[in-house]
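# Structural features, examined
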Amino acid sequence: MPTAKVNHPNRAPRTAIAIMAAGKGTRLKSKHPKVLHEVGGKPLLAHVIAAAVKVVPAKDVFAIIGHEADRVRDVVAHTGVSLVLQKEQRGTGHALMTAREALSSYDVVIVLSGDAPLITSSTIEKLRGFHVSRKAAMTLLTAQLDNPTGYGRIIRKGAKKEEVQAIVEQNSLSAAQKKIREVNAGFYAFAVAPLFRNIEKLGTNNPHRELYLTDMAEILSKRKERVVAVETSDAYEVLGGNTRAELVDIDQRIRTAKIQQLMAAGVTVFYPQTCIIDSDVEIGADTTIEPFVQILGATRIGSDCRIRSYSVISSSQIGDGVLVRPGCVIDGARVEKSAVIGPYTHLRPGSEIGEGAHVGNFVEAKNLRLGKGSKANHLTYLGDAEIGEGVNIGAGTITCNYDGVNKHKTVIEDGVFIGSDATLVAPVRVGKGAYVGAASCITDDVPADSLALGRARQIVKQGWAKSKRSAGKTSQ
Ligand code: UD1
Ligand code: CA
């Protein structure tokens, strides 16, 4: 039997996601815009964008920015999301009004809050699915909170009814309404056409004299448009970071979940309450993280590593089987497998430590390439240096890389032995297999396989001390 011709192809509704991120964040008492405050090691807004781009392509995500727009733009530019400028911030309803043109070619817009970072892509999908299945004009996500203070409350059309009559903001609640625990998450799905047909009806009759998007519930409902609510299964997903206390609470939740995830994947974290691990960190199985460790940014740590206490590792790559002894600071560095770092080593950006190399007590490195199996174990500064394989750097060695104006490079080839307390004045090269005597100041290149001594010859004056002592006695 031939299939019937369909006049209205049942295509999926074109969906956009708008993220309201233009507000100032007065309650944070900060000079920084609210959505750039960090939880789990990245800005609030970055979390929301990460969830949104899992649901629709980045170009269909519209971040509505306004307060300190340039700074916010710089932070989100790499995500490829579209931006809408809300020059004056006259409320959440006004934020959507400014996005009218950008959103006009879509069927459905999902609205998220840039300050509510715990939202997941599956909840956004659930909200969209519910909205489409109910053919609603507006669908709100709600949650039951033990402490609903500060949130808008949901007035349903009746007990157990999906339909919503209105959302009432905290400072307009009657005594009876204050008892309602079902709150407005601040995440909505709208059918684009009825939203913009009616958005001009928003007024500013509220204590803040703002255009509240929440009033759309009552406006649409009065016009017999379908306004429904769906409750989230995880109430914590709706938490917003309006105050410092709320930000810290959200941060803790993100980090606790992160550590649980790592442990489930085979990582041991001792005393997890004392460790700070950012959301984007990756760690391999059988790695152990000791108490009071911080692992930040996009750091990747391999498997079978041990990160001992009081180390702070940021934006770095650590290979398998690496031991980081206590008290290390590792920033923007790369450490190959089986290397041993610390205690008290500072690896600054651009440091690359080769396989099986050792960098030890009180060693500072910057822009260093240290070859496979090389050792710099004690009290040393290695800056702008390229060091080959199997090199031994003696205690107290210093690469003098800075002449007060420019930085210069030190090259130390494979198999070199640098005696203790050497100073290598860059630019300088020590050839393969050469020796540099202890306490030498090396200002010229050292050819391969040679010995360089750059220090004053020792003088011995026999009996000098004894005669000085006896001269002192006779003069008294
Ligand atoms: C809002 C809801 C409240 C809900 C709560 C959930 C309103 C009026 N109230 O309150 O019902 O329970 O979220 O977290 O919407 N923003 C703009 N432009 C503006 C104003 C705000 O982009 O002109 C942005 C803010 O940056 C923020 C978001 O919109 O990311 C929400 O604004 P906020 O002031 O935090 O609203 P709440 O008081 O939390
Ligand atoms: Ca908020």
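Above this text you will find the structure in question.
Scope of this entry: the structure provided in the associated data block. (Residues numbered from 1 in each chain as written. Chains lettered and ligands numbered in written order. Predicted model: local features only at pLDDT ≥ 70, side-chain atom pairs only at ≥ 80, totals over all residues. Heavy atoms only, no water.)

What follows is about the overall build of the chain. Each helix and strand in the chain was counted, giving nine helices and 37 strands. Taking 2.2 N^0.38 as the reference for a compact globule, 476 residues should give roughly 23 Å; the C-alpha atoms of the chain span a radius of gyration of 32 Å, well beyond that estimate. Its C-alpha atoms give the chain principal-axis dimensions of roughly 110 × 75 × 45 Å. With 476 residues in all, the chain has 47% of them scored as buried. The long-range share in the chain, meaning contacts at least 24 apart out of those at least 6 apart in sequence, stands at 41%. (Helix = DSSP H or I, 4+ residues; strand = E, 2+ residues; numbered from the N terminus. Rg over C-alpha atoms; globule rule 2.2 N^0.38 Å. Buried < 20%, exposed > 50% of the residue type's maximum accessible area, 1.4 Å probe, protein only. Contact = heavy atoms within 4.5 Å.)

Here we take up the site of ligand 1. Of all residues adjacent to ligand 1, which total 23 residues, the nearest are A22, Q86, G91, E169 and N184. A distance of 2.8 Å is found between an oxygen atom of ligand 1 and a backbone nitrogen or oxygen belonging to G23. For ligand 1, an oxygen atom lies 3.4 Å from a polar atom in the backbone of R90. Coverage of ligand 1 by the protein chains reaches 91% of its 760 Å² of free accessible surface. Given that more than half its atoms are within 2 Å of the pocket grid, ligand 1 belongs to the largest pocket. Elements supplying a minimum of two residues to the shell around ligand 1: β1 (15–21), α3 (92–98) and β10 (182–191). The residue makeup of the shell around ligand 1, split by class, is seven nonpolar, 11 polar and five charged. (Near = heavy atom within 4 Å. Polar contact = N/O pair within 3.5 Å; in protein donor to acceptor, adjacent residues only side chain to side chain. Areas by Shrake-Rupley, 256 points an atom, 1.4 Å probe, with all protein chains shown as cover. 1 Å grid on protein atoms, 1.4 Å probe; cavity = no way out; pocket = protein on both sides within 12 Å on 5 of 7 lines; lining within 4 Å. Sits in = over half its atoms within 2 Å of the grid points. Nonpolar A, V, L, I, M, F, W, Y, C, P; charged D, E, K, R; others polar.)

With that settled, consider unusual backbone geometry. Here the bond from G342 into P343 is cis, since omega is 5 degrees, no more than 30 degrees from zero. Its place among the elements puts P343 in the loop between β24 (340–341) and β25 (346–347). The residue after A426, namely P427, is reached through a cis peptide bond having omega 5 degrees. Positionally, P427 belongs in the loop between β33 (423–425) and β34 (428–430).

As a further point, take the coordination of the calcium ion (ligand 2). Donor atoms from the polypeptide that bind the calcium ion (ligand 2) are D115 (OD) and N242 (OD1), placed at 2.3 to 2.4 Å. Here D115 is found in the loop between β6 (108–113) and α5 (121–133), whereas its partner N242 is found in the loop between β11 (227–231) and α8 (244–264), with 127 residues between them in sequence. Per residue, the accessibility class of D115 equals that of N242, and both read buried. (Donors = N, O, S within 2.8 Å, 3.2 Å for Na, K, Ca; no water.)

Before going further, it helps to spend a moment on the layout of surface pockets. Taken as a whole, the largest pocket spans an internal volume of roughly 1,200 Å³. Together, 40 residues line the largest pocket, and R27, K34, T92, D115 and N242 are the ones closest to its centre. Counting residues per element, the ones that place at least two in the lining of the largest pocket are β1, α3 and β10. Residue contributions to the lining of the largest pocket peak at four residues, all from β10. For the lining of the largest pocket, the per-class residue count stands at 12 nonpolar, 21 polar and seven charged. Of the pockets and cavities examined, the second largest pocket occupies roughly 580 Å³. Along the walls of the second largest pocket sit 20 residues, with P117, L118, I119, T120 and I254 positioned nearest its centre. When contributions to the lining of the second largest pocket are tallied by element, the ones reaching two or more residues are α1 (44–52) and α8. No other element matches the five residues that α8 contributes to the lining of the second largest pocket. (Points joined across faces, edges and corners; volume = space filled by probe spheres on them.)

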